[in-house]
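Given next are the chains, with one letter for each unit.
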Amino acid sequence: MKDRLSALPVLARRYILGTIGAAILVVVVLVVALGAPVLVPRNPYKQAIAERLRGPGATIEGHTFWLGSDHLGRDVLSRIIYGTRISLLISATSVIGAALIGTAAGLVAGYVGGWPERVLMRVVDLQLAIPFILLALLVVALWGPSTQNIITTFIITSWPVYARVIRSRVLVIREMQYLEAARALGQTPTKTVFRHVFPNTLNSVTVLASYQMAQILIVEGALSFLGLGVQPPNPSWGNMLAEGRGYLETAWWLATFPGSAILLTATAINLLGDALRDWLDPQMRSMRF
């Protein structure tokens with residue numbers, strides 16, 4: 001009882017931070033990403049060399065550059081808003097694809113066992129042994145830099161993590177008494193997996209996906225520094241950050257504001273992930289009562 005009472009402040013603090021993270025994500029996804037055509041004060045692709053490198057708040061011919069302009073005279077705020085769509089699309093699509101492939105592989109490896117498990121786990125070991133940057137360079141060399149190829153790279157490099165986690169979880173679940181009862185009643189393996197095993201792995205998948213999404217947001221920026229990210233003129237937070245690195249001394253806002261967008265969103269996702277981890281953990285959940 002004493003342990004439960006001592007855990008309450010921690011849980012309360014985590015859930016408050018998780019709520020803040022969720023609120024930030026709602027604003028980013030629903031307001032900024034989906035409302036981009038309405039919110040942008042100016043065409044994010046429009047170049048005006050005469051208006052280049054204007055500081056935040058500068059007003060020229062009736063237009064205010066609230067976050068300044070870049071080296072081609074484009075409005076930084078408009079590009080950040082449109083870049084939200086691309087950055088979140090890459091992160092969300094990559095996470096969904098990796099989670100589907102990794103979860104399926106983990107279910108097969110953990111429940112079926114035998115040679116399918118040995119084959120899948122050796123593939124996972126081989127995949128994890130390949131450095132991410134090397135794989136990204138290989139994909140770009142073969143197919144060229146594009147949004148689709150970036151997503152493919154993230155899926156290829158991320159699914160083994162899901163496979164390992166889900167396999168470990170399934171190895172525990174398949175020894176539970178309710179599964180033995182289901183098998184004794186003559187339930188087919190496929191029905192057992194989808195009715196009893198898979199639902200009990202969703203908490204692990206959900207928490208892992210939240211951390212992976214935040215990680216991909218950051219890594220996409222790193223790829224853009226190498227010229228492997230979203231290609232200009234399409235805006236993303238990563239390539240805006242890469243474009244601004246050459247103007248840190250003369251135009252600090254070019255890198256500061258896209259970097260702040262990545263930091264804020266990644267932090268919000270991590271806060272929500274922490275809250276989900278505590279909420280979905282049966283032991284932590286029991287301490288609430």
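Above this text sits the structure in question.
A few points on the structure.

Criteria and thresholds
Residues numbered from 1 in each chain as written. Predicted model: local features only at pLDDT ≥ 70, side-chain atom pairs only at ≥ 80, totals over all residues. Heavy atoms only, no water. Helix = DSSP H or I, 4+ residues; strand = E, 2+ residues; numbered from the N terminus. Phe/Tyr/Trp six-rings, centres within 6.5 Å; stacked < 30°, edge-to-face > 60°. Buried < 20%, exposed > 50% of the residue type's maximum accessible area, 1.4 Å probe, protein only. Contact = heavy atoms within 4.5 Å. Salt bridge = Lys/Arg side-chain N within 4 Å of Asp/Glu carboxyl O. Arc of directions from axis to C-beta. Axes fitted to C-alpha atoms, helices over the stretch in contact; angles between N-to-C directions. Parallel < 35°, antiparallel > 145°, perpendicular 65-115°, else oblique. Left-handed = near helix turned anticlockwise from the far one by under 90°. Nonpolar A, V, L, I, M, F, W, Y, C, P; charged D, E, K, R; others polar.

### Focus on unusual backbone geometry
Moving on, step 1. Residue Pro 233 is reached from Pro 232 by a cis peptide bond, and omega for that bond is 5°.
Moving on, step 2. Position of Pro 233 relative to the elements: it lies in the loop between helix 9 (202-225) and helix 10 (237-244).
Moving on, step 3. Unusually for a residue other than glycine, Leu 53 sits at a positive phi of about 55°.
Moving on, step 4. By secondary structure assignment, the location of Leu 53 is in the loop between helix 2 (36-39) and strand 1 (58-60).
Moving on, step 5. Even without a glycine there, the phi angle at Glu 61 is positive, about 50°.
Moving on, step 6. Checked against the element boundaries, Glu 61 lands in the loop between strand 1 and strand 2 (63-65).

### Digging into the packing of aromatic side chains
Moving on, step 1. Throughout the structure, instances matching the rule amount to 2 aromatic pairs.
Moving on, step 2. Aromatic pair Trp 252 and Phe 257: ring centres 5.7 Å apart, planes at 50°, arrangement tilted.
Moving on, step 3. A residue is classified by how much of its surface remains accessible, and Trp 252, at 43% relative accessible area, is partly exposed.
Moving on, step 4. Chaining the aromatic ring pairs together yields one cluster made of Trp 252, Trp 253 and Phe 257.

### Some remarks on the environment of Trp 252
Moving on, step 1. Within the secondary structure layout, Trp 252 lies in the loop between helix 10 and helix 11 (253-280).
Moving on, step 2. Taking the C-alpha atoms as reference, Trp 252 lies 8.9 Å from Gly 55; in sequence the two are 197 residues apart.
Moving on, step 3. In this structure Trp 252 touches Pro 56, Tyr 247 and Phe 257, once residues within four positions along its chain are discounted.

### Examining the pattern of salt bridges
Proximity of charged atoms lets side chains of opposite charge pair with each other.
Moving on, step 1. Applying the stated criterion to the full structure yields 7 salt bridges.
Moving on, step 2. For Arg 79, the salt bridge identified is with Asp 70, shortest N-O distance 4.0 Å.
Moving on, step 3. Classification of Arg 79 by relative accessible area gives buried; the value is 1%.
Moving on, step 4. For Asp 70, a relative accessible area of 5% translates into the label buried.
Moving on, step 5. In this structure, Asp 125 engages Arg 164 in a salt bridge whose closest nitrogen and oxygen atoms are separated by 2.2 Å. Separated by 39 residues along the polypeptide, Asp 125 in helix 4 (residues 114-129) and Arg 164 in helix 6 (residues 147-173) bring together distant segments of the chain.

### Considerations on helix 8 (residues 189-197)
Every α-helix carries 3.6 residues per turn, so stepping three or four residues along brings you back to the same face.
Moving on, step 1. Three or more residues of helix 8 are buried, namely Thr 192, Val 193 and Val 197. Along the long axis of helix 8, the arc covered by the buried residues comes to 100°, so they all point the same way. Turned more than 90 degrees away from the buried face of helix 8, the exposed residues are Thr 190, Phe 194 and Arg 195.
Moving on, step 2. Buried positions along helix 8 lie against helix 3 (76-112), helix 6 and helix 7 (177-184).

### Let's talk about the packing of helix 3 against helix 4
Moving on, step 1. At their nearest, the axes of helix 3 and helix 4 sit 7 Å apart, and the two run at 140° to each other. Judged by the inter-axis angle, helix 3 sits oblique to helix 4. As for the relative orientation of helix 3 and helix 4, their crossing is left-handed in sense. Side by side, helix 3 and helix 4 meet where Ala 105, Val 108, Ala 109 and Val 112 of the first sit next to Gly 114, Pro 116, Glu 117, Leu 120 and Met 121 of the second.
Moving on, step 2. Classifying every residue of the contact of helix 3 with helix 4 by side-chain character gives 7 nonpolar, 1 polar and 1 charged.

Nothing here speaks to function; it is all geometry.
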